[in-house]
Amino acid sequence: SQTIHQWPATLVQPVGSPLSLECTVEGTSNPNLYWYRQAAGRGLQLLFYSVGIGQISSEVPQNLSASRPQDRQFILSSKKLLLSDSGFYLCAWGHYRGPGTEAFFGQGTRLTVV
Amino acid sequence: SQQGEEDPQALSIQEGENATMNCSYKTSINNLQWYRQNSGRGLVHLILIRSNEREKHSGRLRVTLDTSKKSSSLLITASRAADTASYFCATGVGGTSGSRLTFGEGTQLTVNP
């Protein structure tokens, strides 16, 4: 069965510090990978998605970047965090073919920038 | 920008009652999906309805899709306290491996015991 791991669960970082959040998927190959951000009490905003190694699409301009060094690994990074980067970050995978299939989410990372 | 918009933003009902949540979207879609999120956790997929389907059932869940009105509804029958969560609709666009989901703002459902 497929599983998705996302860590850490919570993170408190000072403004200006770097960020690295990691997401890995097991039990499947060549998944589409996604990073979403969720503000408190709000919906999900798609930040990045990847359809293959080294292939990253950015949905919104921001202070963050994403990389996919391996087929089942997706990393969200920042060189210098801003206060506005605080939020709940969710990694997801899916195989969207034809009419589409569902997405499977990790448990999220709550990032607080102080 | 958000594609889907849920209505109402918050819903509070008694256990045993039915809960209905609505979702409207703006552009053509391949499918529409509903997800559930318990507080502080990841999202869990509930049900997917394709653009050529009008109604779908899964246990106590019933989803309808009206592509002419660009709207969908999620009905949870005989609600339980454990159904308390946020519910999101998401629209799938694109038919290739690059397609992705766009989420609405969600409905916070509270089921009182």
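Scoring rules and cut-offs
Residues numbered from 1 in each chain as written. Chains lettered and ligands numbered in written order. Predicted model: local features only at pLDDT ≥ 70, side-chain atom pairs only at ≥ 80, totals over all residues. Heavy atoms only, no water. Helix = DSSP H or I, 4+ residues; strand = E, 2+ residues; numbered from the N terminus. Rg over C-alpha atoms; globule rule 2.2 N^0.38 Å. Buried < 20%, exposed > 50% of the residue type's maximum accessible area, 1.4 Å probe, protein only. Contact = heavy atoms within 4.5 Å. Areas by Shrake-Rupley, 256 points an atom, 1.4 Å probe, with all protein chains shown as cover. Lys, Arg positive; Asp, Glu negative; His and termini not counted. Charge placed at Lys NZ, Arg CZ, Asp CG, Glu CD. Pairing = 2+ DSSP bridges. Axes fitted to C-alpha atoms, helices over the stretch in contact; angles between N-to-C directions. Core = buried A, V, L, I, M, F, W, Y, C linked by side-chain atoms within 4.5 Å.

Caption draft 1: Molecular detail of the overall build of chain A. Along its length, chain A carries zero helices and 11 strands. Each helix and strand of chain A, ordered N terminal to C terminal, gives the series β-β-β-β-β-β-β-β-β-β-β. Over its C-alpha atoms chain A spans a radius of gyration of 14 Å, differing by no more than 12% from the 13 Å that the globule rule assigns to 114 residues. The buried share among the 114 residues of chain A stands at 48%. A sequence separation of at least 24 residues applies to 56% of the contacts in chain A between residues at least 6 apart. Here chain A displays about 5,200 Å² of accessible surface, and carbon together with sulfur accounts for 54% of that area. Separation between the mean location of the 8 positive side-chain charges and that of the 6 negative ones in chain A comes to 7 Å.

Caption draft 2: Representation of the sheet that holds strand 3 (residues 19–26) of chain A. All names here are of chain A. Overall, antiparallel pairing links the four strands, which are arranged 1-3-8-7 in an open sheet. Both edges of this open sheet fall to strand 1 (3–7) and strand 7 (65–70), since each of them pairs with a single strand only. Geometrically, the sheet is characterised by an average inter-axis angle of 20 degrees between neighbouring strands, direction not taken into account. When strand 1 meets strand 3, the two strands line up antiparallel, connected through five bridges. The partner of Trp7 across the bridge, within strand 3, is Glu22.

Caption draft 3: Structural context of the nonpolar core. Counting residues in hydrophobic clusters, the biggest one holds 21 residues, and the most contacted among them are Met21(B), Leu32(B), Trp34(B), Leu74(B), Ile76(B), Tyr87(B) and Leu109(B). For this core, the secondary-structure elements that each account for two or more residues are strand 2 (10–14), strand 3 (19–24), strand 4 (31–37), strand 5 (43–50), strand 7 (61–66), strand 8 (71–76), strand 9 (85–93) and strand 11 (107–112) of chain B. Contact partners of Leu109(B), with chain neighbours within four places excluded, come to Leu11(B), Ile13(B), Ala19(B), Met21(B), Ile76(B), Asp83(B), Thr84(B), Ala85(B) and Tyr87(B). Membership of the second largest hydrophobic core comes to 20 residues, among which are Leu33(A), Phe48(A), Leu76(A) and Val113(A).

Caption draft 4: The arrangement of the pairing of strand 6 (residues 55–58) of chain A in detail. Where strand 5 (residues 44–52) of chain A and strand 6 of chain A come together, three bridges link them in antiparallel fashion. Its bridge partner being in strand 6 of chain A, Gly52(A) is matched across the sheet by Gln55(A).

Caption draft 5: Representation of the sheet that holds strand 3 of chain B in the model. Residues and elements named next belong to chain B. In spatial order, the strands read 1-3-8-7-6; together these five strands make up an open sheet with antiparallel pairing. The sheet is open, and its two borders are formed by strand 1 (5–7) and strand 6 (55–58), each paired with just one other strand. Across this sheet, the average inter-strand angle for adjacent strands is 20 degrees, counted without regard to direction. Sheet topology note: the strand 6/strand 7 ladder contains four bridges and is antiparallel. Each bridged residue has a counterpart across the sheet, and for Glu55 the counterpart in strand 7 is Thr64.

Limitation: the analysis is restricted to geometry and does not speak to function.
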